[in-house]
Structure formats: C-alpha cells, structure tokens
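What follows is the residue order along each chain.
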Amino acid sequence: MVQVVLPNDTNPLGFILGGTVMHLIDIAGAIACHRHTRSLLVTAAVDDLQFLHSIKVGDLIILKSHVTCVFTTSLEVQVDVFSEETLTGQRRLTSRAYLTFVAIARDGERVPVPPLIVETEAERRVCEQAHARRAQRLKRKMEVETTA
C-alpha cells in the first residue's frame, strides 16, 4: 500500500499521527491475510509496534505485508512501514509490526486457515519466531485473564 501523507493525517508538528499509522498497518495486514485465507478475519493482536522514525507531511508512506506463519484458525502477518521523501526518493524503515488475525465465518465461529507453504530456511526461521511470539502472547493473555 502506498499513499501520500496529507496535512489532515498529521499532528501540529507536521508528522503523521501514530493512530493513522496503526490504522494503515491493520489494513495492510488484513489484506495479506485475506488473500491467504479468502475468508472473513478479525484482528486479534498487535505485537511489538515501535515508531523508529517520524514521517512528515508530503512524504509517501509505504506498507509491505506478508504472512509469516499459520496456526489452526489464526495467522500472523508482518507489516513493514517505510517513509519515502517524494523529491529525493530516500526511503527509511519507520515501523515494523506483527499482527495476528483470526479467520471467522459469518456467524462469528472460527474457521480453519489454509496452510502456509514454507520452502526456504529463512521462511522456516521466521515461522519459528512467530511460534515464539504466539507463545509469549498467549502467556500474557492468560496473565491478564487471571488478574481481571
């Protein structure tokens, strides 16, 4: 996804709002997951979102997403966010996030997700890292549920 950062997307300093970036990350992640599952999806979690560099009005915001791992009824997607200065073409990684989506039917019930074809050693390593993130996320979820 690519779009130009307009003044209504920015704070008084002329930098894109964090909430706007999060919204675009959610959309880019959902698109990658929809294309894999061809099903309805809901966002279940966002892991480790950091804003490394600001994006200013007039820059392009570029979002690249890809599915990293598939579980039974959920899947993880990585979204990388870049800024690109329109006049120089200079591009910088500004954010990276991992999102988990759950595939659902119209009645809200979870549905199985098609498997992800993992062919290279790098893809296997990324999927192993996704399993570790999932284990940590589920552990945190249990901790929250027991204290609520």
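Computed from a prediction, not measured in an experiment: that's the story for all the values here.

**So, the packing of aromatic side chains**
Inspection of every chain in the model, using the stated rule, returns zero aromatic pairs. Taking the ring centre of Tyr98 as reference, the NZ or CZ of Arg133 above it sits at 3.6 Å.

**Overview of helix 1 (residues 18-37)**
The periodicity of an α-helix, 3.6 residues per turn, causes residues three or four places apart in sequence to face the same way. Spanning 20 residues, helix 1 covers 28 Å between terminal C-alpha atoms, matching the ideal 28 Å at 1.5 Å per step. Considering only its buried residues, helix 1 is in contact with strand 1 (2-4), strand 2 (40-51), strand 3 (60-70), strand 4 (74-84) and strand 5 (91-104). Where helix 1 terminates, the next one or two residues include Arg38, which has phi positive at roughly 55°.

**What to know about the side chain of Ser39**
Along the chain, Ser39 falls in the loop between helix 1 and strand 2. The class for Ser39 is buried, based on a relative accessible area of 19%. Side chain to side chain, Ser39 and Thr37 meet in a polar contact 3.0 Å long. Setting aside chain neighbours within four positions, we find Ser39 in contact with His34 and Ala103.

**A word on the layout of surface pockets**
Quantified by volume, the largest pocket comes out at close to 230 Å³. Along the wall of the largest pocket there are 13 residues; nearest its centre are Ser74, Thr100, Arg110, Leu138 and Lys141. For the lining of the largest pocket, the secondary structure elements donating two or more residues are strand 2, strand 5 and helix 2 (121-147). The biggest single contributor to the lining of the largest pocket is helix 2, with four residues. Of the residues contributing to the lining of the largest pocket, the split by class is five nonpolar, four polar and four charged.

**Examining the pattern of salt bridges**
On inspection of all chains with the given rule, the structure shows eight salt bridges. A salt bridge links Asp47 to Arg140, with the shortest nitrogen-to-oxygen separation between them at 3.4 Å. A residue pair is termed long-range when its members are at least 10 positions apart, and Asp47 in strand 2 and Arg140 in helix 2 qualify at 93 residues. Note on Arg140: relative accessible area 41%, which makes it partly exposed. In this structure, Arg96 and Asp80 form a salt bridge, with 2.5 Å as the shortest nitrogen-oxygen distance. Remark: Asp80 occurs in strand 4 and Arg96 occurs in strand 5; sequence separation between them is 16 residues. When its relative accessible area of 10% is taken as the criterion, Asp80 is described as buried. Taken together, the shared-partner salt bridges in this structure form one network comprising Asp47, Arg137 and Arg140.

How each quantity is defined
One numbering rule holds for all chains: residues counted from 1, following each sequence as written. Thresholds applied to this predicted model are a pLDDT of at least 70 for local features of residues and 80 or more for the giving and counting of side-chain atom pairs; totals over whole chains, interfaces and linings are not thresholded and use all residues. Side-chain calculation: all heavy atoms of the structure are included, whereas hydrogens and water are not. Each aromatic pair joins two rings of Phe, Tyr and Trp (for Trp, the six-membered one) with centres within 6.5 Å, and gets the label stacked for planes under 30 degrees apart, edge-to-face for over 60, and tilted for any other angle. Each ring is checked for a lysine NZ or an arginine CZ that lies within 6 Å of its centre and within 35 degrees of its normal; such an atom marks a charge sitting over the ring. Strands here are runs of E lasting at least two residues and helices are runs of H or I lasting at least four, both read from the DSSP assignment and numbered beginning at the N terminus. Under the convention used throughout, the expected extent of a helix is 1.5 Å for every residue step, that is, one less than its residue count. Whether two residues are in contact is decided by their heavy atoms, any of which lying within 4.5 Å being enough. We call a residue buried when its accessible area falls under 20% of the maximum for its residue type, exposed when it is over 50%, and partly exposed in between, using a 1.4 Å probe and counting protein chains only. Between N or O atoms, a polar contact is any pair within 3.5 Å; within protein, one atom must be a potential hydrogen donor and the other a potential acceptor, and residues adjacent in sequence are included only when both atoms are from side chains. Site definitions follow a grid-based scheme: protein atoms alone, a 1 Å grid, a 1.4 Å probe that fits but cannot get out for cavities, and for pockets an open set with protein on both sides within 12 Å along at least five of seven lines, plus lining residues having an atom within 4 Å of a point. Grid points are joined across faces, edges and corners, and a volume is the space filled by probe spheres set on the points. Note that Gly is not counted as nonpolar here; it falls among the polar residues with everything else outside the nonpolar set of Ala, Val, Leu, Ile, Met, Phe, Trp, Tyr, Cys and Pro and the charged set of Asp, Glu, Lys and Arg. Put simply, a salt bridge is a Lys or Arg side-chain nitrogen that is within 4 Å of an Asp or Glu carboxyl oxygen.

Structural measurements only, silent on function.
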